[in-house]
Amino acid sequence: MKLARTLLQTPRIVGVGLAASIVGVGGLGVVGCFVEGEGLPPPVEGLYYPTGLAASLGGRVLYVANSDFDLQFNGGTVQALDLQRLRKRALTLQSALAPGGRNASVRDACKSVGLATNAASSLYPGPCGPLDISALEGDDEVVRSSAVIGAFASNLLLVHRPLSGEGADPGAERQARLFVPVRGDPSVTFFDVADDRSDEPGARPCEGDACFQLDCGASAAGGRCGRDHRIGEDPGRELIRRKLPLEPFGIAAGPGGTSIVVSHQTENAASVIVNRWEANERPQLAHVLTDLAFGPTEVAAVPRPSVLGALQQGGWAIDDQPAFAVTYLAAPELGLLRYQDAASGGAPRLNESTPTPITALASGTDSRGIAFDASERKACEDGCAGVVECLERCVEIPIPVYVAHRGPNSLLIGELTTTLVKKDSDVPAAKRASVFYSIGFRDAAPLGAYPSRIEVGEVIDQEGVPRRRVFALAFDSGLAFSYDPEARRVDAVIKTGRGPQALAFDTGSTRGDDDDKKRCGREQASAGCDPYSLMYIAHFTDSYLGVVDLDMRKTNTFGTMILTVGTPVPPRESQ
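Since we're looking at a predicted model, the values are computed, not measured.

Chemist: Just give me the short version of the packing of helix H4 (residues 375-382) against helix H5 (residues 388-395), but keep the residues and values in it.
Modeler: If you want to describe how two helices pack, look at the angle between their axes and the distance between the axes. In the contact formed by H4 and H5, the axes pass within 9 Å of each other and the chain directions differ by 170°. Put simply, H4 runs roughly antiparallel to H5. Here H4 contributes Arg377, Cys380 and Glu381 to the contact with H5, which in turn contributes Leu391, Cys394 and Val395. Residue classes in the contact of H4 with H5 are distributed as 4 nonpolar, no polar and 2 charged.

In structure tokens:
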């Protein structure tokens, strides 16, 4: 069976002889075969063309989606890695490499975490050789669980049931889910996973092996996910009698994780999945919106103001349609989609709002990753203690939006403006409120060749204070860029290995060597805890993860890759 497929996020790899050739800058145009169950089972203890990363909110788990890109196996995998054990090695190595540290040489520093020095720096950067995760056992084991999915996973999304605030049910079960767009099926495969949050009211953190569960209907540990966990494969079990369109790629979750929007690149479409948290409710495909501009790629949820929840508690009716921004490959615009749920009347559906023209650059076409940074507004809302008048003032704070753009290669910088509209009345039933969004671009920062994924994270500054940064990956050039929004400049260019494809952050504070580098809770922030920030980068081409130090106090290692997780394996014919 031949399956036409296009992964437009991954760029050209020349001369590596993949079974399915990769063409186009930032894109795949390939034809291959994928038949479930035929061929060898995929490696569950190693990495193989990773395309998606997500770190759990409690800092226990790093989830990885592997795509089986060259079809050497009968599927890809999703793995749950022990983030706490990885953190311990990375921070121990960071200390050993510090000037005046206990180790006299790089060789001794690497030896302190059981690694040799790096003998292949042209393949992967960093001072030490790779950590062979497939050989680790017992208390050193890193891959704690895995499951088999279809081929060509393109992304990974982690969502949680609210524990507090709007939409939360104080007596409800703690829940979290992973959603993985899989192009080979096509489907969005979902997993019920552990909720390891520990700083939320009423939180009861997971313990031991329970933190690493990957429940996808597989008949055995490490087995293939069941069909009932593949959203969009069986129209008879969905809210609409239609299969998921081809090429699911970008994915984002609305408020409370109850609406999941997926882009479909070659179909010029977006679909919405309804994710109900009630017991025995499986996520279902609810609507497919067609006739979008050409090549919808990445999706990001528009931050929702907290004032809507406060107004609702005060008896106001809320006309709320969660919003999602969409980037396009061949249209000089940023799309805006609104989700209408069943409570608004009728069936759940997506609607397209007026797009934002991209005129800050000469071309305006070929946009990729997108990210919002709502940290300033959230800090304002956290200080309001639920007072509506205060929350209304917070709505006026614009939210920065960042887009990776390739015409020319740059980071587009804009603002999201939120307008609260209230229809007051003496009649309680007639009091209604809604919000409207508009986005405008005002600036651009030049980046290296072909930027793709974007995420907002934090570095630790020289005073030990977390500071916001925007990180952009450039697949073709093997670089990651750190943009400082306060200084309005790129403040660091990080050398990665070949094909950086996805990234995730592990940021917090730890109690030091004597406590296995466990993260401190918020209430322990002043109890001898030391802040840290690490960035994990999935390298598609050579199938490994790189760990980057983001602590500016560590002058020897800041902005460099200090640990290689998994043994790099070049594509077959380039070896």
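On we go from here.
Chemist: Residue-level account of unusual backbone geometry, with values.
Modeler: The omega angle of the peptide bond from Asp185 to Pro186 is -15°, so this bond is cis rather than trans. On the secondary structure map, Pro186 appears in the loop between strand E8 (176-182) and strand E9 (187-193). The amide bond that connects Gly407 to the next residue, Pro408, takes the cis arrangement and shows omega of 5°. Note that Pro408 resides in the loop between strand E21 (399-406) and strand E22 (409-423). In this model, Ala385 sits at a positive phi of 55°, which is unusual for a non-glycine residue. For Ala385, the location among the structural elements is in the loop between H4 and H5. Residue Ala385 is classed as exposed on the basis of its relative accessible area, which comes to 72%. Positive phi outside glycine occurs at Arg488, with the angle close to 60°. Tracing the sequence through the fold places Arg488 in the loop between strand E26 (479-484) and strand E27 (489-495).

Chemist: Can you lay out the environment of Thr418 for me, pointing to particular residues and giving the numbers?
Modeler: As for its position among the elements, Thr418 is in strand E22. When the C-alpha atoms of Thr418 and Ser438 are compared, they prove to be 6.7 Å apart, with 20 residues separating the residues in sequence. When residues no more than four places from it in sequence are discounted, the contact partners of Thr418 are Pro305, Arg377, Val395, Val435, Phe436 and Tyr437. At a separation of 2.8 Å, a polar atom in the side chain of Thr418 contacts the side chain of Arg377.

Chemist: Tell me what's going on with the nonpolar core, and back it up with residues and numbers.
Modeler: The biggest cluster of nonpolar side chains holds 33 residues, and the ones touching the most others in it are Leu53, Leu62, Leu81, Leu86, Leu534, Tyr536 and Leu545. Those elements that place two or more of their residues in this core are strand E4 (61-66), helix H1 (83-96), helix H2 (106-111), strand E28 (500-510), strand E29 (530-539), strand E30 (544-549) and strand E31 (561-565). Among the elements that take part in this core, H1 stands out by supplying 6 residues, more than any other. Among all residues touching Leu81, those that are not within four sequence positions of it are Arg60, Val61, Leu62, Val64, Leu86, Val142, Val143, Phe212 and Leu545. Leu361, Phe372, Val401 and Ala433 belong to the second-largest nonpolar core, a separate cluster that totals 31 residues.

Chemist: An account of the pairing of strand E11 (residues 248-253) is needed here, citing residue identities and associated values.
Modeler: Across the 6 residues of E11, 6 count as buried, placing the element largely inside the fold. Note that E11 and strand E12 (residues 259-264) share 4 bridges and pair antiparallel. By the bridge assignment for E12, Pro248 is matched with His264.

Chemist: An account of the sheet that holds E22 is needed here, citing residue identities and associated values.
Modeler: Two strands in a sheet stick together by hydrogen bonds in their backbones, pointing the same way (parallel) or opposite ways (antiparallel). Strands sit in the order E16-E23-E22-E21-E20 across an open sheet of 5 strands; the sheet is mixed. Edge positions in the sheet fall to strand E16 (317-319) and strand E20 (367-372), since each has one partner strand and no second. The mean inter-strand angle of the sheet, taken between neighbouring strand axes irrespective of direction, is 25°. In this sheet, E22 lies alongside E21 in antiparallel orientation, the contact comprising 8 bridges. When the bridges of E22 are listed, Pro400 appears paired with Glu415.

Reading the values: the criteria
- Residues numbered from 1 in each chain as written.
- Predicted model: local features only at pLDDT ≥ 70, side-chain atom pairs only at ≥ 80, totals over all residues.
- Heavy atoms only, no water.
- Axes fitted to C-alpha atoms, helices over the stretch in contact; angles between N-to-C directions.
- Helix = DSSP H or I, 4+ residues; strand = E, 2+ residues; numbered from the N terminus.
- Parallel < 35°, antiparallel > 145°, perpendicular 65-115°, else oblique.
- Contact = heavy atoms within 4.5 Å.
- Nonpolar A, V, L, I, M, F, W, Y, C, P; charged D, E, K, R; others polar.
- Buried < 20%, exposed > 50% of the residue type's maximum accessible area, 1.4 Å probe, protein only.
- Polar contact = N/O pair within 3.5 Å; in protein donor to acceptor, adjacent residues only side chain to side chain.
- Core = buried A, V, L, I, M, F, W, Y, C linked by side-chain atoms within 4.5 Å.
- Pairing = 2+ DSSP bridges.

Coordinates in, geometry out; function isn't part of it.
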